[in-house]
Amino acid sequence: MIYNFNAGPSILPREVFQQASAAVLNFNDTGLSILELGHRTPEFTAVMEEARGLVKELMLLDDEHEVLFLHGGASTQFMQVPMNLLDGKESASYTDTDVWGHKAIAEAKLFGKVEVVCSSREKNYCYIPKDFAVPNDSKYLHITTNNTIYGTQWQAIPHTSNSLVADMSSDIFSRVLDFNKFDLIYAGAQKNMGPAGVNLVVVNKNVLGKVKRAIPTIMDYRNHVKEKSMLNTPPVFAVYVCMLTLRWLKALGGIPAIEKLNVAKARLLYNEIDRNSLFVGTVEVEDRSLMNVCFVMHDPSLEPAFMQYAKSLGIVGIAGHRTTGGFRASIYNAMPASSVQVLVGAMQKFEEMN
Ligand SMILES: *Cc1c(COP(=O)(O)O)cnc(C)c1O
């Protein structure tokens, strides 16, 4: 048995892998592989529509919000968002709470002015800043809801009258939020939703069409909205697997149900980190992420031995990001509590052995 704690691409539900593999050989008894099915066929159109419908249903979106599945990763959205929402002379506010937000800032600067309203960069992104002001004339405020690399998470949506834009790549569908409060949400699929290669974009259609620049056809959200996310060939397989994962989530009871499980899983692991004399968490307790749990050892010289021990038990993917070291256990939606328990057991056993 392998316990996969990878940060992304990451674990998906076992049954999704089984259904996706079956569809590669014979999709819905068509005798065709999902990989060779035309994207304009009624069969694939139904997949796209079900996927978009499930997003609306699970996130309780109102009719102003449109759901798109677009090519690329979240990094594509770093530039597509300001290209569509920000004119050259206008400014947007960004929060610098992680490496990804930092990269989003650099891209936005190509399209307009950027106000960095807060930053925890000098403290190695170990907390979420609480006191900051957003200028009234900022076109939007951009946040990264979960800090995948350092393991912090906005516990609540910041209070602001500004339009809100969020990168939710690593905590999409993991907890209940008022998603209608956001004018734009984007997420690369490969952390909590599906395979790499597709982005989920949720956009309030009222914020589109306000910038003066010419936008390349494929970059303009309005064209994708008009064509129901079928402007060109979508990443069909990736969309299909997302749809299967969303079906799985719905059957489980939707976002409120998965949030309960995620809270329980995170508590299990953080409690052990806090109890165990060998390990220590790396971020402010109040800002701890439900998805990416980062920790180190009091004695760093023991880290390779723990890594080796964990590996011998089938635990993979717990190495910290190449920029942070230590450990990071990603416990996304598809990770069962029983797997987290295996990691906790390994930490306890290792404490006895040392
Ligand atoms: C992984 C990640 C990204 C980058 O996604 P790509 O698909 O590699 O472009 C951006 N933002 C967050 C929060 C992430 O976790």
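None of these values were measured; they are calculated from a predicted model.

## Overview of the overall build of the chain
- In terms of regular secondary structure, the chain is built from nine helices and 14 strands.
- A compact globule built from 354 residues would reach a C-alpha radius of gyration of about 20 Å, and the chain, at 21 Å, matches this within 12%.
- Here the C-alpha coordinates of the chain stretch approximately 65 × 55 × 30 Å along the principal axes.
- Put simply, the chain has 354 residues, and 56% of those count as buried.
- A separation threshold of at least 6 residues defines the contact pool for the chain, and within that pool the share at least 24 residues apart is 68%.
- When the accessible surface of the chain is summed, it comes to about 15,000 Å², and 54% of that surface belongs to carbon and sulfur atoms.

## Things to note about the site of the ligand
- Around the ligand sit 13 residues in total, of which Ser-75, Thr-148, Asp-167, Gln-190 and Lys-191 are the nearest.
- Ser-75 has a polar side-chain atom sitting 2.6 Å from an oxygen atom of the ligand.
- Looking at which element gives the most residues to the shell around the ligand, the answer is helix α3 (residues 74-85), with three residues.

## A look at the packing of helix α8 (residues 303-312) against helix α9 (residues 337-353)
- Two elements in contact, α8 and α9, have axes whose closest approach is 10 Å; the angle formed by their N-to-C orientations is 130 degrees. With respect to each other, α8 and α9 are oriented oblique. With respect to the hand of their crossing, α8 and α9 are arranged in right-handed fashion. Between α8 and α9, the contacting residues are Ala-305, Phe-306 and Tyr-309 on the first element and Leu-343, Ala-346, Met-347, Lys-349, Phe-350 and Met-353 on the second.

## Some words on the environment of Glu-115
- When you line up the elements, Glu-115 lands in strand β4 (residues 113-119).
- A sequence separation of 69 residues divides Glu-115 from Leu-184, and the C-alpha atoms of the two residues are 18 Å apart.
- When near neighbours in sequence (up to four residues on either side) are disregarded, Glu-115 contacts Ala-92, Ser-93, Tyr-94 and Pro-135.

## Focus on the domain arrangement of the chain
- For the chain, the assigned domains are domain 1 (14-252) and domain 2 (254-353).
- Computed over C-alpha atoms, the centres of domain 1 and domain 2 are 27 Å apart.
- Taken together, the contacts link 29 residues of domain 1 with 27 residues of domain 2.
- Note on domain 1 versus domain 2: buried area summed over both sides is about 2,200 Å², and carbon and sulfur give 56% of it.
- In this assembly, domain 1 and domain 2 are joined by two salt bridges.
- Between Asp-287 and Lys-130 there is a salt bridge, with its nearest N and O atoms 2.9 Å apart.
- Between domain 1 and domain 2 we count 16 residue pairs in polar contact (both at pLDDT 80 or more) in total.

## Things to note about the nonpolar core
- In terms of nonpolar packing, the biggest core is built from 55 residues, with Phe-44, Val-55, Met-59, Phe-69, Ile-172, Phe-173 and Leu-200 touching the most fellow members.
- Broken down by element, the residue count for this core peaks at eleven residues, all from helix α6 (residues 236-252).
- With near-sequence residues (within four places) excluded, Phe-173 lies in contact with Val-55, Leu-58, Met-59, Met-193, Leu-200, Leu-246, Leu-249, Ile-255, Ile-258 and Asn-333.

## Focus on the packing of helix α1 (residues 14-25) against α6
- Packing of α1 against α6 leaves a shortest axis separation of 10 Å and a crossing angle of 140 degrees. For the element pair α1 / α6, the angle class is oblique. The way α1 lies across α6 gives a crossing that is right-handed. Counted together, Glu-15, Val-16, Gln-19, Ala-20, Ala-23 and Val-24 of α1 and Phe-237, Tyr-240, Val-241, Leu-244, Thr-245 and Trp-248 of α6 form the full contact between these two elements.

## Some points on the sheet that holds strand β3 (residues 91-96)
- Here we have seven strands laid out as an open sheet, ordered β2-β10-β9-β8-β5-β3-β4, and mixed in their pairing. Of all the strands in the sheet, the pair left with one neighbour each is β2 (65-71) and β4. The sheet shows a mean angle of 20 degrees between the axes of neighbouring strands, direction not considered.
- For β3 and β4, the ladder comprises six bridges, and the chain directions are parallel. Paired with Asp-96 across the two strands is Ser-119, which belongs to β4.
- Its contacts with the sheet place helix α4 (residues 99-108) against β3, β4, β5 (141-144), β8 (164-167) and β9 (184-188), and it is angled at close to 160 degrees to β3.

Conventions used here
- Residues numbered from 1 in each chain as written.
- Predicted model: local features only at pLDDT ≥ 70, side-chain atom pairs only at ≥ 80, totals over all residues.
- Heavy atoms only, no water.
- Helix = DSSP H or I, 4+ residues; strand = E, 2+ residues; numbered from the N terminus.
- Rg over C-alpha atoms; globule rule 2.2 N^0.38 Å.
- Buried < 20%, exposed > 50% of the residue type's maximum accessible area, 1.4 Å probe, protein only.
- Contact = heavy atoms within 4.5 Å.
- Areas by Shrake-Rupley, 256 points an atom, 1.4 Å probe, with all protein chains shown as cover.
- Near = heavy atom within 4 Å.
- Polar contact = N/O pair within 3.5 Å; in protein donor to acceptor, adjacent residues only side chain to side chain.
- Axes fitted to C-alpha atoms, helices over the stretch in contact; angles between N-to-C directions.
- Parallel < 35°, antiparallel > 145°, perpendicular 65-115°, else oblique.
- Left-handed = near helix turned anticlockwise from the far one by under 90°.
- Domains from an automatic or database assignment.
- Buried area = accessible area lost by both parts, 1.4 Å probe.
- Salt bridge = Lys/Arg side-chain N within 4 Å of Asp/Glu carboxyl O.
- Core = buried A, V, L, I, M, F, W, Y, C linked by side-chain atoms within 4.5 Å.
- Pairing = 2+ DSSP bridges.

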